[in-house]
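Residue-level structure breakdown
Listed below, chain by chain, are the residues.
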Amino acid sequence: MNVTRGFAGRPRAADPGLPPGQYDARDEWPVLSAEVTPDLSPADWTFRVDGLVERTRTWDWDEARALPASAYAGDIHCVTGWSKFGVEFGGVSLDAFFSVVRPHGSATHAVAYSHTGYTSSLPLADLTGGRAWIVWEYGGKPLPAEHGGPARLVVPHLYFWKSTKWIAGITLLDHDEPGFWEQNGYHARGNPWKEQRYSGD
Amino acid sequence: MREAGTTPAESRSAAGTDTGGTGPAGPGSTRAAVSAVPRTRFAVPGRIAVGEDTASTWQTATLAGVRRETPHAATFRLAVPEWAGHLPGQHLMLRLTAEDGYVAQRHYSIASPPDDSGHIELTLDAVPDGEVSGWFHTVARPGDTIEVRGPLSGFFAWPGDRPALLLGAGSGVVPLMSMVRHHRARRLDVPLRMVVSARRPEELIYADELGDETTVVYTRGAPHGVPVGRMTAAHVAPLLAEQPAGGWEAYVCGSNGFAEHASRLLVAAGQPVDRIRIERFG
Ligand SMILES: Cc1cc2nc3c(=O)[nH]c(=O)nc-3n(C[C@H](O)[C@H](O)[C@H](O)COP(=O)(O)OP(=O)(O)OC[C@H]3O[C@@H](n4cnc5c(N)ncnc54)[C@H](O)[C@@H]3O)c2cc1C
C-alpha cells in the first residue's frame, strides 16, 4: 500500500453499497457523454432488437410504452468514480422486448446502439433476467435529454457507460464486438464490484 | 501507441459496416450483416489505440514542482519515469491512499505535451471541500508520491494530424493546452485555433502562454474595453466560415453546462456532429 503523506480523505463511514474505488456523488448526477446531445423527440424515437433473433422488431414510442411497466430503484456506478444511491428509473424490462423477438440460442453478446451512433457492448446474460431496462422516467419525471432522454438503456449492475443513452436498438451476436468505449480501452464487462474499469483490469 | 488511421476502430468505421440508412441489419439479413453495428453519426472512431498495460497498471508519480496559474488553479509537475507517453488531450486516473487503506481516485487531463520525457503536468482547480484537489492545493509538496494509471481514452486525443478547433472553459482548457503546446513544440503547419472562456482575467489559466491562436471570452469581468458575456455564435461562426481544407476537428472541454452550450454553437454554425469530440468534467 502506497500511503499518500498527509491524506486522510473526507470523514466516512464504511458503506457496503459502495463498490471499490467509488465515491458517493450524493445530489450530483454528472453528465459524461462524449458526443453532442441529440435533439430527439419521443415522436422520432424508435427502438429495435435485431441480429440473432427469430423476428426483428422495431417499436415506436407508443408501442414501447404499451408494454408492461417495470421500474428500477437502486444504485448506479460510473467508471469515472461516482456512484449514486437510491435512484428510480421507470420504463420496461428488456425481457419484455426479448420475449417478442425471441433470441436465438446461439446469441451470446449484444451491442446496444444509440440514435447518436454511440455503442456499448456487453454479454447478453447481463441484459436478461430482470437486470436491464429501457427507461423514459427518472424520479417519476421524463428522463432529461442530457441523461439520455427520451429513452435510454439501464443496466445498473455494470458501470454506467454500458447503459447507452438515446437508445436506438440492440443487436444480438454470437461473439463480442467492442463498442465505443470498449474500443477505447475500457473493459468488456465492466463489473463495478470487481473494479473492471479498463481492459486488463 | 499507434497513430490514427491504423487503429482497428478507425479502419472499421472507414470500411462502413452500415447496411443502409441509420438502421442496422434488416430482417433476414446475412450472417455478415448481423454483425454490423450502425454507422456512427458522431466521431466514434478513437484516434489511437490505448495500451492495456498502461491503462491498468498503477505507477508511482513523484511531485517535482508546483506552479501557481491563478488564485484557484495550480500546475503540478510529476516525475513518472516509466510513463509510456500520451497524445495531447488524453487524461489519466490518479489515486491518493489514506493510512487506513481508504482510496480516493479521480480523472485528470494531462496538460503537458507528449515530448516531456519522464514528466507530466496536471493543472487542478481547487474545488471547495474537494477531497483530492484539496489535498493537492493544501498539503502536497515536492517529493510527495501519488499513483497514476494511464494515459486513458483514445477518443479525446489529437495526434496533430487534422486542423483542430478547440473550445474550452475554466479548467477545460487543460487538455486543449496540451494540444497547443504540442502544435508549437513540433512546429506543426496544420491549422489550430482555440476559444477559451474564463470568468475574469485573473482566473484565466495559462494566460501568459496564450498566443495568436487563441480568443478569450470573459463571462463575469473583462479587461477595459473587452465585452463581458458568454461564448456566442459570433465567436464560433467566423472560425467555421474560414474552414481549412478538410474541415475542423472540434474538441470541446469543460463542465457539462459549457459543453452543452459550446457544442450547440458549433452545430448551429455548421460543424458536423461527427467531427465534435467532447470531454465533460462531470
Ligand atoms: C475526464 C476528466 C478529466 C478531468 N480533468 C480535470 C483537470 O484537468 N483539472 C481539474 O481541475 N479537474 C479535472 N476533472 C475533474 C476532477 O476529476 C475532479 O472531479 C475534481 O478535481 C474534483 O475532485 P475533488 O476530489 O477535489 O472534489 P470532490 O471531493 O469530488 O468534491 C466535488 C464537490 O462535491 C462536494 N462533495 C462531494 N461529496 C461530498 C461529501 N461526501 N461530503 C461533502 N461534500 C461532498 C464537494 O464539496 C465539492 O464541492 C476531470 C474530470 C474528468 C471526468
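Lining the immediate surroundings of the ligand are 24 residues, of which B:Arg106, B:His107, B:Tyr108, B:Val132 and B:Ser133 lie closest. Lying at an intersection of chains, the ligand is approached by residues of chains A and B. Within the backbone of B:Pro128, an N or O atom sits 3.1 Å from an oxygen atom of the ligand. Taken together, the elements giving at least two residues each to the shell around the ligand come down to strand S4 (103–109), strand S5 (119–125), helix H4 (131–138) and strand S11 (276–280) of chain B. Here the element with the most residues in the shell around the ligand is S4(B); it accounts for four residues. Along the lines of polarity and charge, the residues of the shell around the ligand split into eight nonpolar, seven polar and nine charged. Here the shell around the ligand gathers at least three residues from each of two domains, domain 1 (2–152) and domain 2 (164–281) of chain B.

Quick look at the interface of chain A and chain B now. The interface of chain A with chain B comprises 55 residues on the first partner and 64 residues on the second. Of the roughly 4,800 Å² buried between chain A and chain B, counting both surfaces, carbon and sulfur atoms make up 54%. Our count for the contact surface shared by chain A and chain B stands at three salt bridges. At the junction of chain A with chain B, the criterion picks out 19 residue pairs in polar contact (both at pLDDT 80 or more). Of the residues belonging to the side of chain A that touches chain B, the class tally is 22 nonpolar, 21 polar and twelve charged.

Residue and element names in this part refer to chain A. In spatial order, the strands read S3-S2-S11-S6-S7; together these five strands make up an open sheet with mixed pairing. Lying at the two open borders of the sheet, with one neighbouring strand each, are strand S3 (57–60) and strand S7 (119–123). Geometrically, the sheet is characterised by an average inter-axis angle of 15° between neighbouring strands, direction not taken into account. In terms of strand pairing, strand S6 (residues 109–114) meets S7 through five bridges, oriented antiparallel. Residue Tyr113 lies in a different strand from S7, and its bridge partner there is Thr119.

Within the structure shown, the criterion is met by 24 aromatic pairs over all chains. Seen from their ring centres, A:Tyr159 and A:Trp161 are 6.0 Å apart, and the 15° between their planes marks the pair as stacked. By relative accessible area, A:Trp161 is classed as buried at 8%. On the numbers, 4.7 Å between centres and 70° between planes, the contact of A:Phe180 with A:Trp181 is edge-to-face. Take A:Trp181: its relative accessible area is 11%, and that puts it in the buried class. An aromatic cluster is present here, built from A:Tyr118, A:Tyr159, A:Trp161, A:Phe180, A:Trp181, A:Tyr186, A:Tyr198 and B:Phe155 joined pairwise through their rings. Over the ring of B:Tyr102 we find A:Arg12; its NZ or CZ atom is 3.7 Å from the centre of that ring. Here B:Arg95 stacks its cationic end above the ring of B:Trp58, 4.1 Å away from the centre of that ring.

Right, let's get into helix H7 (residues 256–268) of chain B. All names here are of chain B. If you check H7, its first and last C-alpha atoms are 18 Å apart, about what 13 residues at 1.5 Å a residue would give, namely 18 Å. Buried residues of H7: Asn256, Phe258, Ala259, Glu260, His261, Ala262, Ser263, Leu265 and Leu266, and no others. Looking at the buried side of H7, the elements it contacts are strand S7 (164–169), strand S8 (192–198), helix H6 (233–241), strand S10 (249–254) and S11.

Residue and element names in this part refer to chain B. Domains assigned within chain B are domain 1 (2–152) and domain 2 (164–281). Contact residues are listed per partner, giving 26 residues for domain 1 and 22 residues for domain 2. Carbon and sulfur atoms make up 53% of the surface buried where domain 1 meets domain 2, a total of about 1,900 Å² over both sides. With a closest N to O distance of 2.9 Å, Arg186 and Asp115 form a salt bridge. Run the count over domain 1 and domain 2 and you get seven residue pairs in polar contact (both at pLDDT 80 or more). Of all elements in the fold, only strand S1 (59–70), strand S2 (73–79) and S5 reach the threshold of two or more residues within the side of domain 1 that touches domain 2. Taken together, the residues that form the side of domain 1 that touches domain 2 break down as ten nonpolar, nine polar and seven charged.

Parameters and conventions
Residues numbered from 1 in each chain as written. Chains lettered and ligands numbered in written order. Predicted model: local features only at pLDDT ≥ 70, side-chain atom pairs only at ≥ 80, totals over all residues. Heavy atoms only, no water. Near = heavy atom within 4 Å. Polar contact = N/O pair within 3.5 Å; in protein donor to acceptor, adjacent residues only side chain to side chain. Helix = DSSP H or I, 4+ residues; strand = E, 2+ residues; numbered from the N terminus. Nonpolar A, V, L, I, M, F, W, Y, C, P; charged D, E, K, R; others polar. Domains from an automatic or database assignment. Contact = heavy atoms within 4.5 Å. Buried area = accessible area lost by both parts, 1.4 Å probe. Salt bridge = Lys/Arg side-chain N within 4 Å of Asp/Glu carboxyl O. Pairing = 2+ DSSP bridges. Axes fitted to C-alpha atoms, helices over the stretch in contact; angles between N-to-C directions. Phe/Tyr/Trp six-rings, centres within 6.5 Å; stacked < 30°, edge-to-face > 60°. Buried < 20%, exposed > 50% of the residue type's maximum accessible area, 1.4 Å probe, protein only. Lys NZ or Arg CZ within 6 Å of the ring centre and 35° of its normal. Expected span 1.5 Å × (residues − 1).

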